[in-house]
Amino acid sequence: MMRVDKWLADDHIRLESLFRDLLNAADGIDQPTLQRVWTQFEAGLLAHLDAEEQYLLPRFEKERPDAVRTIRAEHEQIRRLVAELGVSTDLHLLRKRTAEQLIAALQEHAERETHSLYPWAEQSTDEPHKVELVEALVNEAKRRALSTSQRTLLRDSAQSSG
């Protein structure tokens, strides 16, 4: 039997680990590693947010509308920081302050979801929907990673030919 609360919480831990790898690559000015880790992190994080919004928040909103408003606002803030960091990473200008803001936002957000949304999801979601949620999360992360990798290849190709 799948435990969706544990799976989602573990995904937070995985994403935080990827982000720390990203900061280490930035400190070491290892641009190829930085781009690879950024691609994995961005794809995984955005897929995670999208899956929550599609599969969990509409149902959770019926019981806890204030909590869902807070979660959605945090998702918007996280997406803004991710967009800013994505541009910075592409331009080789990753700013530690922005990265630290994202880490803080992600940690606070993960704490809130771990104590409200995830226990509710575990208790109120039947097994087929749990499987559907996790499969959607994994598939969306793969789709996003492929799309990001394709953009990176096109950009690198244009830079080398120009």
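Look a little higher up for the structure.
Residues numbered from 1 in each chain as written. Predicted model: local features only at pLDDT ≥ 70, side-chain atom pairs only at ≥ 80, totals over all residues. Heavy atoms only, no water.

Describe the side chain of Glu52, with residues and values.
Among the secondary structure elements, Glu52 is positioned in helix 2 (residues 31-63). As a buried residue without a salt bridge, Glu52 has its nearest oppositely charged side chain in Arg79, at a separation of 8.1 Å. Among the polar contacts made by the side chain of Glu52, one reaches the side chain of Tyr118 at a distance of 2.5 Å. Residues contacting Glu52, with those up to four places away along its chain left out, are His12, Leu57, Pro58, His75, His109, Glu113, Leu117 and Tyr118. (Helix = DSSP H or I, 4+ residues; strand = E, 2+ residues; numbered from the N terminus. Buried < 20%, exposed > 50% of the residue type's maximum accessible area, 1.4 Å probe, protein only. Lys, Arg positive; Asp, Glu negative; His and termini not counted. Salt bridge = Lys/Arg side-chain N within 4 Å of Asp/Glu carboxyl O. Polar contact = N/O pair within 3.5 Å; in protein donor to acceptor, adjacent residues only side chain to side chain. Contact = heavy atoms within 4.5 Å.)

Explain the pattern of salt bridges to me, using residue names and the numbers behind them.
Between side chains of opposite charge, a pair can form when the charged atoms approach closely. Inspection of the entire model under this criterion finds 11 salt bridges. Of the charged contacts in the structure, one is a salt bridge between Arg72 and Glu61, with a shortest N-O distance of 3.9 Å. Placement of Arg72 in helix 3 (residues 65-90) and of Glu61 in helix 2 is noted, with a sequence separation of 11 residues between them. Among the ionic pairs, Glu108 bridges to Arg112, the shortest N-O distance being 3.3 Å. Within this pair, Glu108 and its partner Arg112 are both found in helix 4 (residues 96-115), separated by four residues, close to a single helical turn. The class for Arg112 is partly exposed, based on a relative accessible area of 30%. Here the salt bridges do not stand alone but share partners, grouping Asp50, Glu53 and Arg79 into one network.

Summarise the packing of helix 1 (residues 4-27) against helix 2; cite the residues concerned and give the values.
Running from N to C, helix 1 and helix 2 point in directions that differ by 155 degrees, and their axes come no closer than 9 Å. Considered as vectors, helix 1 and helix 2 are oriented roughly antiparallel to each other. Every pair of crossing elements has a handedness; the one defined by helix 1 and helix 2 is left-handed. In this structure, helix 1 contributes Leu8, Asp11, His12, Arg14, Leu15, Leu18, Phe19, Asp21, Leu22, Ala25 and Ala26 to the contact, and helix 2 contributes Thr33, Leu34, Val37, Trp38, Gln40, Phe41, Gly44, Leu45, His48, Glu52 and Leu56. Of the residues in the contact of helix 1 with helix 2, the class split is 13 nonpolar, five polar and four charged. (Axes fitted to C-alpha atoms, helices over the stretch in contact; angles between N-to-C directions. Parallel < 35°, antiparallel > 145°, perpendicular 65-115°, else oblique. Left-handed = near helix turned anticlockwise from the far one by under 90°. Nonpolar A, V, L, I, M, F, W, Y, C, P; charged D, E, K, R; others polar.)

Before we move on, could you go through the nonpolar core and cite the residues and values that matter?
Residues Phe19, Phe41, Leu45, Ile78 and Leu102 are the most contacted members of the largest nonpolar core, which totals 23 residues. Sorting the residues of this core by element identifies helix 1, helix 2, helix 3 and helix 4 as the ones contributing at least two each. (Core = buried A, V, L, I, M, F, W, Y, C linked by side-chain atoms within 4.5 Å.)

Could you give an account of a nonpolar patch on the surface, naming the residues involved and the relevant values?
Taken together, Val87, Leu91 and Leu93 make up a surface patch of nonpolar side chains, about 300 Å² in accessible area. Of note, Leu93 is situated in the loop between helix 3 and helix 4. (Patch = residues over 30% accessible without salt bridge, like charges linked within 9 Å, V, L, I, M, F, W, Y side chains within 5 Å. Areas by Shrake-Rupley, 256 points an atom, 1.4 Å probe, with all protein chains shown as cover.)

If you had to explain the packing of aromatic side chains to someone new, which residues and values would you point to?
Evaluated as defined, the whole model comprises three aromatic pairs. Ring centres of Phe19 and Phe41 lie 4.9 Å apart, and the angle between their planes is 50 degrees; this geometry places the pair in the tilted category. In this pair, Phe19 is assigned in helix 1 and Phe41 in helix 2, connecting sequence segments 22 residues apart. Residue class for Phe41 comes out buried when judged on its relative accessible area of 0%. Ring centres of Phe60 and Trp120 lie 5.0 Å apart, and the angle between their planes is 50 degrees; on these two criteria the pair is classed as tilted. With Phe60 in helix 2 and Trp120 in helix 5 (residues 117-124), this residue pair connects regions lying 60 residues apart in the sequence. The two residues Phe60 and Trp120 agree in class, both being buried. Site record: aromatic cluster; members linked through ring pairs are Phe19, Trp38 and Phe41. (Phe/Tyr/Trp six-rings, centres within 6.5 Å; stacked < 30°, edge-to-face > 60°.)

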